[in-house]
Structure formats: structure tokens, C-alpha cells
Amino acid sequence: ILANPDSKPNALHRDLLRAFLKPENIRLVTTNFDDHFSTAAGEVFMGNVPEVFAAPALPVGSQFSGIVHVHGSVTKDPLRLVLTDRDFGRAYLTEGWARRFIQDVFLNYVVLFVGYSHSDPVMHHLARGLPPGASNNRRFVLTSDDKHDSWANLGITDLVYPVRPGDDHTALQVALANWAS
């Protein structure tokens, strides 16, 4: 199911990548297992695909470029996927390779969350446990959820876009396409 050959990248994948302008500038972290960002990068940058990393072999979060599958990739050993609570505990707590990477990213880069709920308890604690001042104006989320207080409590600035009943997040797609352009 996770490696469905009928599943293909969409305009959102391409537009997020286009926002980086050049493949060597890409710093994209995904919890998705599919290879859509790599495929889309090849399309957007005419065959130039940045380096791709997959859990647990992650780069140093304070100095990386490329596409990072922080929870693993369908192109790698399926035993390396972060699928279960046990996997998540190993990745973020006992072995800690995902936590180290994410923490370094949060401390060293401006981060934009797209399509990420931030609902995992470990991510809540990680967000709240950053050093004072480390998260000020450095983490943002594109969201249709206007629960400002819950994002603010995590040190994340919410950028709310409208969703009408029956809408499929068209405003987000339009905004990202325009931003990329």
C-alpha cells in the first residue's frame, strides 16, 4: 500500500520544490514514505535530484541540503520505516536519531510545516523543550485550523488559509503555486 505504483507526485510536491529555486538549495524534510518529492525534483530541475536521506541514516540537522525522509522511505528496507509506537519511541527517544535531527533543524533553520499536524506527544515536548528564544519567529505552519493558541504554545506561528465546506484546500494550492512562481 505504501509503495503504490499508481500514486504520483502532484502540483503541491512540485510547487514546494520550486520555491527553493535550485536543487542545491533544497532543504525538505518529510514524514511521508513515498518517493514523490524525489520524482518531482527530477521533473522540476530537469533530472537534477538533490541528495536523498532516509531513516535512520539521517544527515546532521544543522548542516544539510536535500530531501530527508525522517520516518523512512519505501525505496529502502521496510524494517527501517517508523510505523508503530515502538518505532517512534526508538526514533525519538531510545535511539534518538530522529529527535537529534529534528532538534538541530529547529535550532538552525526557519521551518515551514505544510500538511503536518504536530500532534505527536514527543513533538509537543520537543517543541516546548527548545532553549529559550530558539524558536522565536523561526517556525511557521500553513494551516486551515485557526486554533492560534495551540500553535502559539508550541512556539509556532500559524499562517491560516481559508477552507470552505466541500473545499479541498484549494487556497493552499493556489498560494504555494504563486509563491513558487
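The structure we're discussing is the one just above.
Criteria and thresholds
- Residues numbered from 1 in each chain as written.
- Predicted model: local features only at pLDDT ≥ 70, side-chain atom pairs only at ≥ 80, totals over all residues.
- Heavy atoms only, no water.
- Core = buried A, V, L, I, M, F, W, Y, C linked by side-chain atoms within 4.5 Å.
- Buried < 20%, exposed > 50% of the residue type's maximum accessible area, 1.4 Å probe, protein only.
- Helix = DSSP H or I, 4+ residues; strand = E, 2+ residues; numbered from the N terminus.
- Axes fitted to C-alpha atoms, helices over the stretch in contact; angles between N-to-C directions.
- Parallel < 35°, antiparallel > 145°, perpendicular 65-115°, else oblique.
- Contact = heavy atoms within 4.5 Å.
- Nonpolar A, V, L, I, M, F, W, Y, C, P; charged D, E, K, R; others polar.
- Salt bridge = Lys/Arg side-chain N within 4 Å of Asp/Glu carboxyl O.
- Phe/Tyr/Trp six-rings, centres within 6.5 Å; stacked < 30°, edge-to-face > 60°.
- Lys NZ or Arg CZ within 6 Å of the ring centre and 35° of its normal.

Student: I tried to follow the nonpolar core on my own but got confused; where do I start?
Tutor: One recurring pattern in soluble globular proteins is that nonpolar side chains are buried together. In this structure, Val-70, Tyr-92, Phe-101, Ile-102 and Phe-106 are the most contacted members of the largest nonpolar core, which totals 30 residues. Broken down by secondary-structure element, the contributors of at least two residues to this core are helix H3 (85-94), helix H4 (97-108), strand E4 (111-114) and helix H5 (121-128). If you tally residues by element for this core, the top one is H4, at six residues. Residues Leu-16, Leu-17, Leu-28 and Tyr-161 belong to the second largest nonpolar core, which totals 13 residues.

Student: Got a minute to help me understand the packing of H3 against H4 in this structure?
Tutor: In contact at an axis separation of 4 Å, H3 and H4 are set at 55° when each is read in the N-to-C sense. When the axis of H3 is compared with that of H4, the two are oblique. Contacts between H3 and H4 pair Arg-90, Ala-91 and Tyr-92 from the former with Trp-97, Ala-98, Arg-99 and Ile-102 from the latter. Residues belonging to the contact of H3 with H4 are distributed by class as follows: five nonpolar, no polar and two charged.

Student: So what exactly am I meant to see when it comes to the pattern of salt bridges here?
Tutor: As enumerated under the stated definition, the model contains four salt bridges in all. As a salt-bridge pair, Asp-15 and Arg-18 come within 2.7 Å of each other at their nearest N and O atoms. Highlighted residues: Asp-15 and Arg-18, both in helix H1 (residues 11-18), separated by three residues, approximately one helical turn. With relative accessibility at 30%, the residue Arg-18 sits in the partly exposed group. A salt bridge links Glu-95 to Arg-90, with the shortest nitrogen-to-oxygen separation between them at 3.3 Å. One salt-bridge network, held together by shared partners, links Asp-87, Arg-90 and Glu-95.

Student: Where do I start with the packing of aromatic side chains in this structure?
Tutor: Think of a pair of aromatic rings as described by two things: how far the centres are apart, and how the planes are tilted against each other in angle. Scanning the entire structure with this criterion turns up five aromatic pairs. On the numbers, 5.8 Å between centres and 85° between planes, the contact of Phe-64 with Tyr-109 is edge-to-face. Of this pair, Phe-64 sits in the loop between strand E2 (52-54) and strand E3 (66-69) while Tyr-109 sits in the loop between H4 and E4; the two residues are 45 residues apart in sequence, bridging distant segments of the chain. The class of Tyr-109 is buried, set by a relative accessible area of 16%. Summarising the aromatic geometry, the rings of Phe-113 and Tyr-116 are spaced 5.6 Å apart at their centres and angled 20° between planes, so their arrangement reads as stacked. Taken as a pair, Phe-113 and Tyr-116 share a single burial class, namely buried. Taken together, the ring pairs connect Phe-64, Phe-101 and Tyr-109 into an aromatic cluster. Its end group placed over the ring of Phe-106, Arg-139 keeps NZ or CZ at 4.9 Å from the ring centre.

Distances and angles like these do not, on their own, reveal function.
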